[in-house]
Amino acid sequence: MMEFIIIGAVVLVGLYLIISYNRLISVRNRVRESFQSIDVYLQQRFDALTQIAETVAAYSDHERGTLKDITQLRQSIYPDMPEDQKIQIYNELERTAATINVERYPELKANENYIQLQRTINDLEEKISASRRTFNANVTKFNTMIETIPTNLFAGMMGFQRKTMLEIDDAKKQDVDLRGILRG
């Protein structure tokens, strides 16, 4: 009788380990998938920003330098690059693209292609924002799983490590001075 209890306990522990391991794999894969979604949207934004830079560059020599910088940043990304490095390059692209001064070209601001590109970028920004929220939710769930008892007892032994959440640059957390912007 005692043998059956011991065998039953071993089977239950084994089943628990298998189920927990499979749940960890599932959540880790959701983290990877959600980062890939961000990566795809960032690539699309990258393309749209490049097109805007090309459009603006047709109006000004100054913006040609920006286009060159954007192109170089784009070419520095490779498929197997770690997520953190890709995010750094995407952030640098965003800072570089922000130097494009469309205000000097009123005829460009009325250009239908430019307007459509701006709409595309706005749409992509919304998708990126939603994807970042999904990614961070998946990372939180994964980190919680590997840090709570009893899963934490074997998660480290099986190679599961904490994931890093995406954070917003401090500059983007500052209040926007709409009054100053609207006054020009």
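Residues numbered from 1 in each chain as written. Predicted model: local features only at pLDDT ≥ 70, side-chain atom pairs only at ≥ 80, totals over all residues. Heavy atoms only, no water.

### Examining the side chain of Arg45
- Residue position: Arg45 is located in helix α1 (residues 2–57).
- Residue Arg45 is classed as buried on the basis of its relative accessible area, which comes to 2%.
- Once residues lying within four places of it in the same chain are set aside, the contact partners of Arg45 are Tyr90, Glu94, Leu124, Glu125 and Ile128. (Helix = DSSP H or I, 4+ residues; strand = E, 2+ residues; numbered from the N terminus. Buried < 20%, exposed > 50% of the residue type's maximum accessible area, 1.4 Å probe, protein only. Contact = heavy atoms within 4.5 Å.)

### Focus on the side chain of Asn136
- Turning to its location among the elements, Asn136 is positioned in helix α5 (residues 112–147).
- Those residues in contact with Asn136, other than ones at most four positions away along the chain, are Met165 and Leu166.

### Quick word on helix α3 (residues 83–97)
- Helix length check: α3, at 15 residues, gives a terminal C-alpha distance of 21 Å against a target of 21 Å (1.5 Å per residue), a fit within 8%.
- Burial in α3 covers these residues: Lys86, Ile87, Ile89, Tyr90, Asn91, Leu93, Thr96 and Ala97. (Expected span 1.5 Å × (residues − 1).)

### Looking at the pattern of salt bridges
- Per the stated rule, a full pass over the model turns up 3 salt bridges.
- In this structure, Asp123 and Lys127 form a salt bridge, with 3.2 Å as the shortest nitrogen-oxygen distance. In this pair, Asp123 and Lys127 are both assigned in helix α5, 4 residues apart and thus about one turn of the helix distant.
- With a relative accessible area of 37%, Asp123 lands in the partly exposed category.
- Arg162 is paired through a salt bridge with Glu147; the nearest N and O atoms lie 2.3 Å apart. One end of the pair, Arg162, is in the loop between α6 (152–155) and α7 (170–173); the other, Glu147, is in helix α5, with 15 residues separating them in the sequence.
- Take Arg162: its relative accessible area is 54%, and that puts it in the exposed class.
- A relative accessible area of 41% places Glu147 in the partly exposed class. (Salt bridge = Lys/Arg side-chain N within 4 Å of Asp/Glu carboxyl O.)

### A short note on the packing of aromatic side chains
- In total, this model carries 3 aromatic pairs according to the counting rule given.
- Ring geometry for Tyr21 and Phe160: centres 5.8 Å apart, planes at 70°, overall edge-to-face. Of this pair, Tyr21 sits in helix α1 while Phe160 sits in the loop between α6 and α7; the two residues are 139 residues apart in sequence, bridging distant segments of the chain.
- By relative accessible area, which is 6% here, Phe160 ends up buried.
- Ring pairs connect the aromatic residues Tyr21, Phe142 and Phe160, which therefore count as one cluster. (Phe/Tyr/Trp six-rings, centres within 6.5 Å; stacked < 30°, edge-to-face > 60°.)

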